[in-house]
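# Tertiary structure, described
If you want the building blocks of each chain, they are given just below.
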Amino acid sequence: MTVFAVEYVYDAESAEVRDANRPAHRAWLAGLAEQGTLLASGPYTDGAGALLLLKAADESELNATLKEDPFAAVQGIAGIRTSEWNPIIGVLSAHAS
């Protein structure tokens, strides 16, 4: 499995939509964490976006997973940037491929 760093970018216009759908979004994230797919996630403190660290076989599988996010269904995400990430040192290094 490959570890991916996924950066969500939010815009101010979608704040109300995100607030209304945050419980479903967090339940979806909790399910991914229980499956071992999500290693960590959380919003940036300035409200401009969030960072998710996920495991997937490849980028195609990652994108399919991200499409299931309730925020994606309601256009709560203005942009997504994904990068393969190789954690070398620290608690996440055991997940490196």
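A brief look at the structure comes next. (Residues numbered from 1 in each chain as written. Predicted model: local features only at pLDDT ≥ 70, side-chain atom pairs only at ≥ 80, totals over all residues. Heavy atoms only, no water.)

On to the packing of aromatic side chains, then. Under the definition given, this model contains two aromatic pairs. Judged by centre distance (6.1 Å) and plane angle (80 degrees), the ring pair of Tyr-10 and Phe-71 falls under edge-to-face. In this pair, Tyr-10 sits in the loop between strand 1 (2-9) and helix 1 (15-35) while Phe-71 sits in helix 3 (residues 70-73), placing the two residues 61 residues apart along the sequence. Residue Tyr-10 shares its accessibility class with Phe-71, and that shared class is buried. (Phe/Tyr/Trp six-rings, centres within 6.5 Å; stacked < 30°, edge-to-face > 60°. Helix = DSSP H or I, 4+ residues; strand = E, 2+ residues; numbered from the N terminus. Buried < 20%, exposed > 50% of the residue type's maximum accessible area, 1.4 Å probe, protein only.)

Time to look at the environment of Pro-23. Inspection of the secondary structure assignment puts Pro-23 in helix 1. Residue Pro-23 is classed as exposed on the basis of its relative accessible area of 58%. Linking Pro-23 and Ala-94, residues 71 residues apart in sequence, is a C-alpha distance of 30 Å.

If you trace the backbone, Ser-14 turns up in the loop between strand 1 and helix 1. Assessed through its relative accessible area of 7%, Ser-14 is described here as buried. At 3.4 Å, the side chain of Ser-14 and the backbone oxygen of Gly-76 are in polar contact. The residues touching Ser-14, leaving out its near neighbours within four places in the chain, are Gln-75 and Gly-76. (Polar contact = N/O pair within 3.5 Å; in protein donor to acceptor, adjacent residues only side chain to side chain. Contact = heavy atoms within 4.5 Å.)

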